[in-house]
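A look at the structure
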Amino acid sequence: MALYTDTVMDHFMNPRNVGELQDADGVGEVGNAKCGDIMKMYLKIKDDRIEDVRFETFGCGSAIASSSMATEMIKGKTLEEALALTNKEVVDALGGLPAHNLHCSVLAEEAVKSAIQDYYEKNNIPYDRSKFPSETSCESCRMV
Ligand code: FES
């Protein structure tokens, strides 16, 4: 059996929503301390809904595929819905990842959360901090 599914290969070779959003309302940057990979997520938000999303990932193929899939999954969603996105859902949507690459999908979940948190912070919107990964607990360490 191939190590990577066709969906993973597709999102790795043809990543969706790549690049920077110049006028992003929220920007999240996370990194994995172990492998050094970095993911940046940009959100354009209107009326509590994600109008547009872009990402830049400097990392492995699984991280690129995970971030590409995550952007597709949160586009058009409310912030609440996007916050509920788990790395497991991203992995499932990709048709699976090898066990040693599961942590790469965590980066995608945390990048989305970090960008939403940035939006809340910039706009002085009160939010439930328990819904966000703490800065000290890292599978993926926050860069900011
Ligand atoms: Fe670093 Fe995949 S090996 S995120």
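What counts as what
Residues numbered from 1 in each chain as written. Predicted model: local features only at pLDDT ≥ 70, side-chain atom pairs only at ≥ 80, totals over all residues. Heavy atoms only, no water. Helix = DSSP H or I, 4+ residues; strand = E, 2+ residues; numbered from the N terminus. Rg over C-alpha atoms; globule rule 2.2 N^0.38 Å. Buried < 20%, exposed > 50% of the residue type's maximum accessible area, 1.4 Å probe, protein only. Contact = heavy atoms within 4.5 Å. Areas by Shrake-Rupley, 256 points an atom, 1.4 Å probe, with all protein chains shown as cover. Lys, Arg positive; Asp, Glu negative; His and termini not counted. Charge placed at Lys NZ, Arg CZ, Asp CG, Glu CD.

In terms of regular secondary structure, the protein chain is built from five helices and four strands. Mapped from its N terminus to its C terminus, the protein chain presents α and β elements in the order α-β-β-β-α-α-α-α-β. On C-alpha atoms alone, the protein chain measures out to a radius of gyration of 14 Å, which is about the 15 Å that the 2.2 N^0.38 rule sets for 144 residues. On the principal axes, the C-alpha backbone points of the protein chain span a range of 50 × 30 × 25 Å. In the protein chain, which comprises 144 residues, the proportion classed as buried is 45%. Long-range pairs, those at least 24 residues apart, make up 61% of the contacts in the protein chain between residues at least 6 apart in sequence. Working note: accessible area of the protein chain is about 7,200 Å², and carbon and sulfur atoms make up 51% of it. Within the protein chain, one finds 15 positive and 24 negative side-chain charges whose respective centroids are separated by 2 Å.

With that out of the way, let us pick up the environment of Asn-14. Residue position: Asn-14 is located in the loop between helix H1 (6-13) and strand S1 (26-31). Look at Asn-14 and you get partly exposed, because its relative accessible area is 45%.

What follows deals with the environment of Phe-55. Tracing the chain through its elements places Phe-55 in strand S3 (residues 49-58). Through-space distance from the C-alpha of Phe-55 to that of Ala-108 is 9.6 Å; in sequence the pair is 53 residues apart. Every residue in contact with Phe-55, bar those within four places of it in the chain, is listed here: Pro-15, Arg-16, Asn-17, Val-18, Gly-19, Lys-40, Met-41, Tyr-42, Ile-64, Ser-67, Ser-68 and Thr-71.

Within the chain, Asn-17 stands out as a residue other than glycine whose phi angle is a positive 60 degrees. Mapped onto the elements, Asn-17 comes out in the loop between H1 and S1. Given the relative accessible area of 13%, Asn-17 is considered buried. Positive phi, close to 50 degrees, is recorded for Asp-47, a residue that is not glycine. Note on placement: Asp-47 falls in the loop between strand S2 (38-46) and S3. Taking the relative accessible area as the measure of exposure, Asp-47 reaches 72% and is therefore exposed.

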